[in-house]
There are 2 protein chains.
Amino acid sequence: MNDFVVKGDLAWSKSKSELQSLKDGYLVIENGKIVGVFDKLDEKYRSFELLDYSGKLIIPGFYDLHTHAPQNHFKGLFMDYQLLDWLNNYTFPEESHFKSEEFYSKAYDDFTSEIAKSATVGVVAFATIHREATLYLMKALEKSGVLSYVGKVNMDRNSPDYYIETTEESIKETERWLEDCKKLDLKLSKPIITPRFIPSVTDHLARELGRFAKEGGYPVQSHLSENMSEIGWVQELCPESSSYADAYKNRGLWGETKTIMAHCVWSRIKEDDLLRNPNLYVAHCPDSNTNLYSGIAPSKYYLDSGINIGLGSDVAGGSSLSLFRAITDAVKASKLRYRMFDQDDGILSFPEAFYIATEGGGSFFGNAGSFKKGFDASFVVLEEENALIVPRLTISERVERYAYMSPEKSVRHKMVKGKLLY
Amino acid sequence: MNDFVVKGDLAWSKSKSELQSLKDGYLVIENGKIVGVFDKLDEKYRSFELLDYSGKLIIPGFYDLHTHAPQNHFKGLFMDYQLLDWLNNYTFPEESHFKSEEFYSKAYDDFTSEIAKSATVGVVAFATIHREATLYLMKALEKSGVLSYVGKVNMDRNSPDYYIETTEESIKETERWLEDCKKLDLKLSKPIITPRFIPSVTDHLARELGRFAKEGGYPVQSHLSENMSEIGWVQELCPESSSYADAYKNRGLWGETKTIMAHCVWSRIKEDDLLRNPNLYVAHCPDSNTNLYSGIAPSKYYLDSGINIGLGSDVAGGSSLSLFRAITDAVKASKLRYRMFDQDDGILSFPEAFYIATEGGGSFFGNAGSFKKGFDASFVVLEEENALIVPRLTISERVERYAYMSPEKSVRHKMVKGKLLY
């Protein structure tokens, strides 16, 4: 029985730039899919189970297109460094601990529990190079009920002695991991091919990973044009490529299957055209791009240009797994980009950032992230702090206020793909 | 008996750019003043009351140099507007409600309760134009035990019909309010002269307020060079003045007594010299300057130049009363200023932002904001979330992590000027 009528104050994206809402509305769910939103309940749905959340905000839930599960335990730390120093001094040493079962089980249980309590209903995560730890994470996420894509990371060059694979190992372990995933046959947690970034993978490994993706129909995730030094380094490593994106393309890792590229802070100049690919997704990570002072990605431009864009928490470059935080951070970063750098694109509004966090990222998971007919029946129910002003607000204003005021608060109820988790 | 020995993991600013810390240290307090920090406890302090917070972080507490108490109830809302539209459409209507006792008592009780639970030990706040409401706020803050300066706001021009005073009213009500304050003789909550900003006060009113400040020895607070349209408006209103700051100066409102100017986003160009005044304080409000897309103030430059600078939450332009948030927002804003606008000044580090929030703002209140000999005995005790990494961290790293991870969390214990509040 996956048939429900959900009652409450509903908000979802009407379009890329408009929020739609309905007070005391009915969200009808049949066989795990959305039938629609109604202000009156038709007779034929009266037999469905009623979930009465009257007075509470109900939104579609968020899709986090980029985060690092093995960095969650050190978020909020080491913020006075830029990308490459931060990776070498803090991130690689911490990720290397994930060979220990005692360590990874605790760290990944914590990560999974935080995601489960949050407004995120789907997450795309890097794991580490360790196959066993990656499988542990996938099983934990499956059990939690949220949707996920998880990647065993590949790194066979330019990495420290204590955290590197040989090319052969990396290929073999990836093959074995993909086999293990098939055997496990998880319904909610799926593998995603994950070269860390161009500097970390030899050309041969990159091409093999591209082949796995294409032959197995696996999606791909990596990093793109986050930081100026990184971009310069890729240029040195790939003199034949016209851009960082082109380097991925030359190695068979560009949009052969659905592909997420995190950051794209500086992509507008040389690789704009390559981003206009229906299989390509920009994961916009404003908090991380600020903390590592990489810059401010032109999110409003990407959205207006029809480039696929979702939000990423990018823990631990970002310091929060909350996509409410990512939404307000995206709005804030866009405002500062406009004021201090470039007034051409305009500013990402709150409704636009909300769209990116829901339907924008959701489309990577299929028909997801809205209350439209035929979409995945996923939602979260929010409990607002009592306040002098709430009774005077529209539903859209209440959603904005919740995002700014209570980004880290656990949601009250959560449904993912027709299953009520709590 | 205001003699205490406080035991725990202590952190405070050694200099403008360095954090100092001591694990299992003793903070000795005699007669409400700091004696010093010791790694071993001298025999002569053994009779002092021991407050044993072993294992917990103890920091000096923060001083919020700029916030609007009557905007607290609508923080996190209406974020898609710039300053002047935001004032006219949302802020003035909401502030006008503070003529109602039912409204202001609820709103100010909420504000006071939030401040009391936070890491803020001293706050400088705008109230509204309403004398009774302002006195209510001062009494509520006094009772809470935190230090405060509170200003009845003056507005006799360019304000809406429903929220304006005549010049005569404004002067009379201010005189009466200052008399009321004398009679009340509050120990912790003091009046501060508060012309809203140049556009809101006629020249005559401004000069009278300057006279009150000088004759009564009252400090002054206002807004300066927040937004480009505002600066242009002031230029039109004050053609005789060479800058916005000069307009205050010409009206006797510039550093005759201790004076806080909020924002100073664009002050570097024309009024830099006027800021180099020992009575002048910049209240840096990074979250508000971002939300209203005013810009990014050159905080690192002000700090390095020896200009007095503290942090302001500036609710409701800012969406949080937490000065932990203001600290990390200041670091983030400075990074984006560096990356996207101007690489000359360098980046405000976490220890620098911590200094600004403690001793920087604290100096407006006297010898406050550090654990130095003779300083006010004020501190807060923080309870960290359990995490896999905390045992491996230095105290300074734990403070940084707390600021990023738990900015809104209530503090566990709080002492202000030798009185343990909880």
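Residues numbered from 1 in each chain as written. Chains lettered and ligands numbered in written order. Predicted model: local features only at pLDDT ≥ 70, side-chain atom pairs only at ≥ 80, totals over all residues. Heavy atoms only, no water.

Asks: Explain helix α2 (residues 101-117) of chain B residue by residue, including any values.
Replies: Residues and elements named next belong to chain B. Taking 1.5 Å per residue as the helical rise, α2 with its 17 residues ought to reach 24 Å, and the 24 Å between its terminal C-alpha atoms agrees with that figure. Every buried residue of α2 is accounted for by F103, Y104, S105, A107, Y108, F111, T112, I115 and A116. On the buried face of α2, the contacting elements are β5 (62-68), α1 (83-96), β6 (120-126), α3 (131-144) and β16 (413-416). (Helix = DSSP H or I, 4+ residues; strand = E, 2+ residues; numbered from the N terminus. Expected span 1.5 Å × (residues − 1). Buried < 20%, exposed > 50% of the residue type's maximum accessible area, 1.4 Å probe, protein only. Contact = heavy atoms within 4.5 Å.)

Asks: Tell me about the interface of chain A and chain B, and name the residues and values.
Replies: At the junction of the two partners, chain A supplies 46 residues and chain B supplies 46 residues. Carbon and sulfur atoms supply 63% of the area that chain A and chain B bury against each other, a total of about 4300 Å² over both sides. The three residues of chain A that bury the most area against chain B are R339(A), M340(A) and L388(A), which together make up 17% of that side's buried surface. Taken together, chain A and chain B are joined by 4 salt bridges. Notably, a salt bridge pairs K332(A) with D287(B), separated by 2.5 Å at the nearest N-O pair. Contributions of two or more residues to the side of chain A that touches chain B are made by α2 (101-117), α9 (286-291), α11 (323-340), α12 (350-362) and α13 (395-405) of chain A. By residue number, the principal contributor to the side of chain A that touches chain B is α11(A), which donates 9 residues. Its residues placed into classes, the side of chain A that touches chain B shows 22 nonpolar, 10 polar and 14 charged. (Buried area = accessible area lost by both parts, 1.4 Å probe. Salt bridge = Lys/Arg side-chain N within 4 Å of Asp/Glu carboxyl O. Nonpolar A, V, L, I, M, F, W, Y, C, P; charged D, E, K, R; others polar.)

Asks: Residue-level account of the domain arrangement of chain A, with values.
Replies: Residues and elements named next belong to chain A. Under the domain assignment, chain A is made up of domain 1 (4-60 + 371-420) and domain 2 (62-365). For domain 1 versus domain 2, the distance between C-alpha centres works out to 29 Å. Of the residues lining the interface, 29 residues belong to domain 1; the matching set on domain 2 comes to 28 residues. For the pair domain 1 and domain 2, the summed buried area comes to about 2300 Å², and 66% of that belongs to carbon and sulfur atoms. Along the contact surface separating domain 1 from domain 2 lie 2 salt bridges. Residues R325 and E408 are paired through a salt bridge, measuring 3.7 Å at the closest nitrogen-oxygen approach. The tally of links from domain 1 across to domain 2 stands at 9 residue pairs in polar contact (both at pLDDT 80 or more). Every element with two or more residues in the side of domain 1 that touches domain 2 is listed here: β1 (4-15), β2 (18-30), β15 (379-382), α13 and β16 (413-416). Broken down by element, the residue count for the side of domain 1 that touches domain 2 peaks at 5 residues, all from α13. (Domains from an automatic or database assignment. Polar contact = N/O pair within 3.5 Å; in protein donor to acceptor, adjacent residues only side chain to side chain.)

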